Amino acid sequence: MALRVAGHERFAQLMSDYWSAAIAPYWTAMRGVLEEEILIRGRTLVTWGADVMLQELGGRIRWERPELSVPHQADLDWPMTDGRLIIVSVLFARGTRVFSTFHDTAAFSYQAQGAAVLSGFGRDIGKPADDPRWRDSLTILLGRGRAAVLRALLSPTTTTGLASSIGLAPSTVSQHLAVLSAAGLVRRHRVGPRVLYELEDAGVALLSELGG
């Protein structure tokens with residue numbers, strides 16, 4: 001029994017060490033991505049209904065009444081009547097995974113849209129102007145800061161979320177967003193207490209043409 005308790009304590013300590021080293025420094029940005037994902041999906045669900053919300057998961061879950069299918073999951077085939085579907089957004093995932101089924105409940109996990117911005121724009125914001133990674137048309141046209149903001153808006157996010165993901169001060173991000181909005185590249189809309197920014201069609205086109 002003493003050995004088991006010691007093992008549990010050692011495991012708890014290792015998990016705490018991992019959290020401190022790998023998660024804690026980035027938790028504010030990570031939590032922001034997940035919260036914004038929930039707001040976006042909830043807004044779509046309330047505004048357009050479950051069909052559209054499921055379709056916008058980008059093929060991760062395919063809903064064709066009356067069947068719900070999950071690509072690359074060949075071992076699932078069971079009937080559900082008046083069941084519950086739980087969809088969980090995560091940061092570290094590729095594709096869709098079924099992690100729980102219980103009677104009339106199925107739960108899926110999928111990668112949040114904004115997870116890509118955590119890959120590290122902030123590591124490069126301070127790079128010198130002659131760094132070859134900055135010699136792209138979008139950066140030459142907009143400048144490093146605004147180009148980074150535009151690239152980080154692959155999914156709707158808040159000013160705070162943007163600031164955390166690209167390593168700029170919120171006030172600087174707000175200034176860049178104001179310019180990009182005035183240029184018709186970015187739009188804003190309110191979801192509950194939050195203001196989300198997302199690309200206009202012109203911003204999508206510009207990013208597609210010059211984003212590299």
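Being a predicted model, the structure only gives us computed values, none of them experimental.

1. What about the overall build of the chain?
At step 1: Regarding its fold elements, the chain presents eight helices and seven strands.
At step 2: Classification of the 212 residues of the chain by burial places 36% in the buried group.
At step 3: Restricting to contacts in the chain with at least 6 residues of sequence separation, those with at least 24 account for 47%.
At step 4: Carbon and sulfur atoms make up 56% of the accessible area of the chain, which totals about 13,200 Å².

2. Here we look at the environment of leucine 39
At step 1: Of note, leucine 39 is situated in helix α2 (residues 27–48).
At step 2: What makes leucine 39 partly exposed here is its relative accessible area of 24%.
At step 3: Between the C-alpha atoms of leucine 39 and arginine 194, which are 155 residues apart in sequence, the distance is 9.0 Å.

3. Quick word on the packing of helix α6 (residues 159–166) against helix α7 (residues 170–182)
At step 1: In contact at an axis separation of 9 Å, α6 and α7 are set at 110° when each is read in the N-to-C sense. Considering their axes alone, α6 and α7 lie roughly perpendicular with respect to each other. You can see that α6 and α7 cross each other, and the crossing is right-handed. Here Thr159, Leu162, Ala163 and Ile166 of α6 lie close against α7, whose contacting residues are Pro170, Val173, Ser174 and Leu177.
At step 2: Class assignment for the residues of the contact of α6 with α7 results in six nonpolar, two polar and no charged.

4. Topic: helix α5 (residues 144–152)
Residues lying three or four places apart along an α-helix face the same way, a consequence of the helix completing one turn every 3.6 residues.
At step 1: By the criterion of burial, α5 is predominantly enclosed, with seven of the nine residues buried.
At step 2: What α5 keeps buried is the set Gly145, Ala147, Ala148, Val149, Leu150, Arg151 and Ala152.
At step 3: Close packing links the buried residues of α5 with α4 (137–142), α6, α7, β6 (186–191), β7 (194–199) and α8 (201–210).

Scoring rules and cut-offs
- Residues numbered from 1 in each chain as written.
- Predicted model: local features only at pLDDT ≥ 70, side-chain atom pairs only at ≥ 80, totals over all residues.
- Heavy atoms only, no water.
- Helix = DSSP H or I, 4+ residues; strand = E, 2+ residues; numbered from the N terminus.
- Buried < 20%, exposed > 50% of the residue type's maximum accessible area, 1.4 Å probe, protein only.
- Contact = heavy atoms within 4.5 Å.
- Areas by Shrake-Rupley, 256 points an atom, 1.4 Å probe, with all protein chains shown as cover.
- Axes fitted to C-alpha atoms, helices over the stretch in contact; angles between N-to-C directions.
- Parallel < 35°, antiparallel > 145°, perpendicular 65-115°, else oblique.
- Left-handed = near helix turned anticlockwise from the far one by under 90°.
- Nonpolar A, V, L, I, M, F, W, Y, C, P; charged D, E, K, R; others polar.

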